[in-house]
Amino acid sequence: MIGRFLSLEGGEGAGKSTQARAMADALAERGVHAIVTREPGGSEGAEAIRALLMHGDVRRWSPHVEALLFAAARADHVEKVIRPAIGAGTWVICDRYLDSTRAYQGVASGVDDAAILALHGFGSKGLLPDRTFLLDLPTGEGARRAGARDGAGADRFAARGADFHDAVARAFDGFATAEPDRFRRIDASAAPEQVTAALLDALSDLLP
Ligand code: TMP
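Keep in mind the model is a prediction, meaning the values are calculated, not measured.

Student: Account for the pattern of salt bridges, naming residues and giving values.
Tutor: With the rule as written, the count across this model stands at 18 salt bridges. Salt-bridge contacts for Arg 102 lead to Glu 179; the nearest nitrogen and oxygen are separated by 3.7 Å. Taken together, the positions of Arg 102 in helix 4 (residues 98-107) and Glu 179 in the loop between helix 7 (162-178) and strand 5 (183-187) put the pair 77 residues apart, joining distant regions of the chain. Residue Arg 102 is classed as buried on the basis of its relative accessible area of 9%. The partly exposed category is assigned to Glu 179, whose relative accessible area is 26%. One continuous salt-bridge network, built from bridges that share partners, spans Asp 99, Arg 102, Asp 113, Glu 179 and Arg 182.

Structure (structure tokens):
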């Protein structure tokens, strides 16, 4: 049996981490073993790159350098964790993946999408999720939730202005429209249990 690869995408504060864990628990109840992982990070090397990316001044890295660092972190994560798990029949639920680079470094920061996809082809052999769930939440509400969670400890990305986060949201929306086979939009403003139920419904065709 081959495992499935699922990614959760969306802006800050949409509940991706909470829902990733809830999905893994719900899948376990159905006899499907799933691991939860995240980007940037998820492997030892990628977590080291995460520390470089998340901390320091907003201008510490240019968008092009960020795109390279995210691609490098992803390549290590795919090689060391994601591909081995899928090959062993385990499902992988990833909290952010390639579409975050395409939204944050690409559309919202000006890096060419084709360049990001080329880096992904080189670094991770172009591995794409079987399904990507876009957790939809108005950016103002997401910022409020993330602010309540992170306080003054916002990272280099969360700390950017409303225009940036609106551009990110529009980018995700555009990707979901362009790739309807891979993407499912999920209303993240509902109660957490309802969001989990909607996610399970939206992957039911992948279940064994
Ligand atoms: P998070 O772990 O709280 O989701 O934070 C990760 C931050 O990094 C978030 O603000 C989005 C940003 N990010 C990118 O800019 N590009 C990427 O490729 C990924 C995976 C995350």
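Don't stop here, the text continues.
Student: Account for the packing of aromatic side chains, naming residues and giving values.
Tutor: The description of an aromatic ring pair uses the distance of the two centres, along with the angle that the planes make with each other. Taken as a whole, this structure holds six aromatic pairs when the rule is applied. On the basis of an interplanar angle of 55° and a centroid distance of 5.7 Å, the ring pair of Phe 70 and Phe 157 is categorised as tilted. Taken together, the residues span a long stretch of sequence, with Phe 70 in helix 3 (residues 63-87) and Phe 157 in the loop between helix 6 (139-150) and helix 7 at a distance of 87 residues. The same class applies to Phe 70 as to Phe 157, namely buried.

Student: How would you sum up the layout of surface pockets? Please name residues and give values.
Tutor: The volume enclosed by the largest pocket comes to roughly 780 Å³. Contributing to the lining of the largest pocket are 37 residues, with Lys 16, Ser 17, Asp 95, Arg 96 and Arg 149 lying nearest its centre. Among the elements of the structure, helix 1 (16-29), strand 2 (34-38), helix 2 (44-54), helix 3, helix 4, helix 6 and helix 8 (192-201) are those that each provide at least two residues to the lining of the largest pocket. In the lining of the largest pocket, the residues fall into 14 nonpolar, ten polar and 13 charged. Quantified by volume, the second largest pocket comes out at close to 330 Å³. Around the second largest pocket, the lining is made up of 26 residues, and of these Glu 12, Thr 139, Gly 142, Ala 143 and His 165 lie nearest the centre. Counting only elements with at least two residues in the lining of the second largest pocket, the list comes to strand 4 (131-136), helix 6 and helix 7. A per-element tally of the lining of the second largest pocket places helix 6 first, with seven residues. Residue composition of the lining of the second largest pocket, grouped by class: twelve nonpolar, nine polar and five charged.

Thresholds, definitions, all that
Residues numbered from 1 in each chain as written. Predicted model: local features only at pLDDT ≥ 70, side-chain atom pairs only at ≥ 80, totals over all residues. Heavy atoms only, no water. Salt bridge = Lys/Arg side-chain N within 4 Å of Asp/Glu carboxyl O. Helix = DSSP H or I, 4+ residues; strand = E, 2+ residues; numbered from the N terminus. Buried < 20%, exposed > 50% of the residue type's maximum accessible area, 1.4 Å probe, protein only. Phe/Tyr/Trp six-rings, centres within 6.5 Å; stacked < 30°, edge-to-face > 60°. 1 Å grid on protein atoms, 1.4 Å probe; cavity = no way out; pocket = protein on both sides within 12 Å on 5 of 7 lines; lining within 4 Å. Points joined across faces, edges and corners; volume = space filled by probe spheres on them. Nonpolar A, V, L, I, M, F, W, Y, C, P; charged D, E, K, R; others polar.

The quantities given are spatial measurements derived from coordinates; they are silent on function.
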